[in-house]
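Letter by letter, the chains look like this.
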Amino acid sequence: MTTGTLITVAPTGAESAKTEVPALPVTLDELLLTATECEALGASIIHVHIRDDEARPTLDLGRLRATVSALRESTDLIVQLSTGGAVTDPEADRLAVLDAAPDMASCTMGTVNFGDDVFLNRWEFIVDLHTRMQERGIVPEYEIFDLGHLTALRRLLDRYGLPHGGHVHVDFVMGVPGGMPGTTATLVAAQQMLRDLPEGTTFSATGVGRSTIPVMLASLSTGGHLRVGMEDTVTYAKGRPVESNMQLVARAVGFAQLAQRPPLNTTQARELLGR
Ligand code: KMH
Ligand code: ZN
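Calculation criteria
Residues numbered from 1 in each chain as written. Chains lettered and ligands numbered in written order. Predicted model: local features only at pLDDT ≥ 70, side-chain atom pairs only at ≥ 80, totals over all residues. Heavy atoms only, no water. Helix = DSSP H or I, 4+ residues; strand = E, 2+ residues; numbered from the N terminus. Rg over C-alpha atoms; globule rule 2.2 N^0.38 Å. Buried < 20%, exposed > 50% of the residue type's maximum accessible area, 1.4 Å probe, protein only. Contact = heavy atoms within 4.5 Å. Areas by Shrake-Rupley, 256 points an atom, 1.4 Å probe, with all protein chains shown as cover. Lys, Arg positive; Asp, Glu negative; His and termini not counted. Charge placed at Lys NZ, Arg CZ, Asp CG, Glu CD. Pairing = 2+ DSSP bridges. Donors = N, O, S within 2.8 Å, 3.2 Å for Na, K, Ca; no water.

Trainee: I would appreciate a short explanation of the overall build of the protein in the present structure.
Mentor: Along the protein, the regular secondary structure elements total 9 helices and 14 strands. Since a compact globule built from 275 residues should have a radius of gyration of about 19 Å, the 17 Å found for the protein is in line with a globular shape. When its C-alpha atoms are laid out on the principal axes, the protein stretches across 45 × 40 × 40 Å. For the protein, with 275 residues in total, the buried portion stands at 55%. Considering only intrachain contacts with a sequence separation of at least 6, the fraction spanning at least 24 residues in the protein is 72%. Accessible surface for the protein amounts to roughly 11,400 Å². Of this, 51% is attributable to carbon and sulfur atoms. Each charge class in the protein was averaged separately, 22 positive and 33 negative side chains, and the resulting centres sit 4 Å apart.

Have a look at this one:
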């Protein structure tokens, strides 16, 4: 059944430097402004990475807690904290992100080469994240960087049970150098593999860099949802840097409207995700 479109904004990430991408929201004020404007445009989830006073990625728990509470005060967005952090973050700090009690948190389903780095996600670490989220009533978004990560998800759910709320939602992060490519053929293959997951499993997709638009169109046409934002995309079109996250959300909303799958509001998104 085709529904409206869940739009997630991933405004910051851990990879781009503020010096190179001045429009990147890195302070709490910049994040809140981005969040309120993106919600008004049609986003319903915010995937959050935060920065320190020098704009470097951080998993500082005090800052994470303050960010969750400020976002809840200023918006009705579903607050999804990243447990992926930066490739250099230790597992203990990534697990401790859950202590900030977000609505949702990411849970990456396997290790992947990440450009010249490695994004390490050991099986035991994944199990820890999944079971702690179950215990604390945090809804996971399973991040899928490669097709085998879906096999790992099937194994996880078979052995440890469904996530809190019972609904399974995954996000295909496509086009990372070292992960699955951001192409229509790959997205269709990934979507077909969802047959092995519980009925009703939903997916979002995001294409990094120049795969942004092909992935967005492929996701809309296969019943998927969208994640957009400067975590994944800093070039709007050839030779044109992204001006703001709002520009990317507005484009996604336009595509969703054209596909006759308008954005879900935050209430509808919460119903879909069991949040
Ligand atoms: N920054 C990447 C190493 C997530 O947020 O869970 C990992 C990432 C995935 O962004
Ligand atoms: Zn992230």
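Trainee: Help me out: how do you make sense of the environment of Glu124 in this one?
Mentor: Mapped onto the fold, Glu124 is located in helix 4 (residues 123-136). On the accessibility criterion, Glu124 (48% relative accessible area) is partly exposed. In this structure the C-alpha to C-alpha distance between Glu124 and Thr36, which are 88 residues apart in sequence, comes to 37 Å.

Trainee: I'm lost on the pairing of strand 5 (residues 78-81) in this one. Help?
Mentor: Taken residue by residue, a regular strand's side chains alternate between the two faces of the sheet. Here strand 5 shows no split at all, with Ile78 and Gln80 on one side and Val79 and Leu81 on the other all buried. Two strands pair when backbone bridges link them, and strand 5 and strand 6 (residues 104-108) are joined in this way by 2 bridges, in the parallel orientation. Directly across from Gln80, in strand 6, lies its bridge partner Met104.

Trainee: Teacher, can you tell me more about the coordination of the zinc ion (ligand 2) here?
Mentor: The expected angle between donors at a tetrahedral four-coordinate metal is 109.5 degrees. At an octahedral six-coordinate metal it is 90 or 180 degrees. Around the zinc ion (ligand 2), the protein contributes the donor atoms His47 (NE2), His49 (NE2) and Glu231 (OE), at 2.1 Å from the metal centre. Mapped onto the sequence, the residues coordinating the zinc ion (ligand 2) show the spacing H-x1-H-x181-E. Of the two residues, His47 and His49, neither departs from the other in class, the shared state being buried.

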